[in-house]
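Structural features, examined
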Amino acid sequence: MKALPCPTCALHVKPVRVTYGLPTLEAEQDAADGRIVLGGCDPTFGPEFVCPECGSEIDPDGVVASRVASRAPASEAPKPAEG
Ligand SMILES: [Zn+2]
């Protein structure tokens with residue numbers, strides 16, 4: 001896996017795979033060494049790869065930037081103070 005620019009912290013990082021479910025001994029060792037991240041039991045909404053620096057989701061295909069942009073809330077514009 002080559003290094004990619006993290007869309008959140010802007011560092012070039014090697015995305016680490018998130019492993020779900022009960023970790024095997026091997027998975028625990030990999031997590032301790034930083035090769036993977038343990039994501040807990042429920043993969044329903046979990047990312048497949050994350051940034052090892054900030055934990056943000058990274059798409060190793062490099063499409064995460066546009067995905068993040070389109071995911072930004074459009075209706076949550078800050079409201080000017082009333083009065
Ligand atoms: Zn990051």
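Residues numbered from 1 in each chain as written. Predicted model: local features only at pLDDT ≥ 70, side-chain atom pairs only at ≥ 80, totals over all residues.

Thoughts on the overall build of the chain
To keep it simple, the criterion reads: To qualify as a helix, a DSSP run of H or I must reach at least 4 residues; to qualify as a strand, a run of E must reach at least 2; elements of each kind are numbered from the N terminus. Every C-beta atom is placed from the backbone, and the number of other C-beta atoms within 10 Å of a residue's own sets its class: buried at 20 or more, exposed at 12 or fewer, partly exposed in between. Two residues form a contact once the distance between their C-beta atoms, set from the backbone, is within 7 Å.
For the chain, the count of helices and strands is two helices and five strands. Shown N-terminal to C-terminal, the secondary structure of the chain runs as helices and strands in the order β-β-β-α-β-β-α. When the 83 residues of the chain are sorted by exposure, 16% land in the buried category. Across the chain, every contact between residues at least 6 apart in sequence was considered, and the portion connecting residues at least 24 apart equals 46%.

Structural notes on unusual backbone geometry
Even without being glycine, Ala-10 reaches a positive phi, approximately 70 degrees. Topologically, Ala-10 is positioned in the loop between β1 (4-5) and β2 (12-13). Assessed through the 11 C-beta atoms surrounding it within 10 Å, Ala-10 is described here as exposed.

Looking at the pairing of strand β3 (residues 16-19)
Counted only if it meets this: What makes two strands pair is DSSP finding at least two bridges between them. By convention a crossover is right-handed if, when the strands point away from the viewer, the path from the first strand over the helix to the second runs clockwise.
Where β3 lies against strand β5 (residues 49-50), two bridges are found, and the strand directions are antiparallel. Pairing of Val-16 across the sheet is with Val-50, part of β5. Pairing analysis gives three bridges linking β3 to strand β4 (residues 36-38), with the strands arranged parallel. Bridge pairing links Thr-19 to Leu-38 in β4. For the segment spanning β3, helix α1 (residues 25-32) and β4, crossover handedness is right-handed.

Some details on the sheet that holds β3
Rules: Inter-axis angles, ranging from 0 to 180 degrees, are taken between N-to-C directions of lines fitted to C-alpha atoms, where helices are fitted over the stretch in contact.
Strand order in the open sheet formed by three strands is β4-β3-β5, and the pairing between neighbours is mixed. Among the strands making up the open sheet, the edge pair consists of β4 and β5. Lying over the sheet, α1 contacts β3 and β4, oriented at roughly 115 degrees with respect to β4.

Side note on α1
The element α1 is largely exposed, with a buried count of zero among its eight residues. Looking one or two places after α1, you find Gly-34, whose phi comes out positive at around 85 degrees.

Considering the nonpolar core
Stated formally: Residues of type Ala, Val, Leu, Ile, Met, Phe, Trp, Tyr and Cys that are buried and joined through C-beta atoms within 7 Å form what is called a nonpolar core.
Counting residues in each nonpolar core, the largest one holds 10 residues, listed as Leu-4, Cys-6, Val-13, Val-16, Ile-36, Val-37, Phe-49, Val-50, Cys-51 and Ile-58. Elements with a minimum of two residues in this core: β4 and β5. Apart from residues lying up to four places away in sequence, Ile-36 is in contact with Val-16, Arg-17, Thr-19, Ala-27, Asp-30 and Ala-31.

Quick notes on the confidence of the model for the chain
Rule in force here: Confidence scores labelled pLDDT are given residue by residue by the predictor and lie between 0 and 100.
Averaged over the chain, the pLDDT score is 81; the fraction of residues at 70 or greater is 76%. Taking the mean pLDDT of every element in the chain, the minimum, 48, falls on helix α2 (residues 64-71) and the maximum, 95, on α1.

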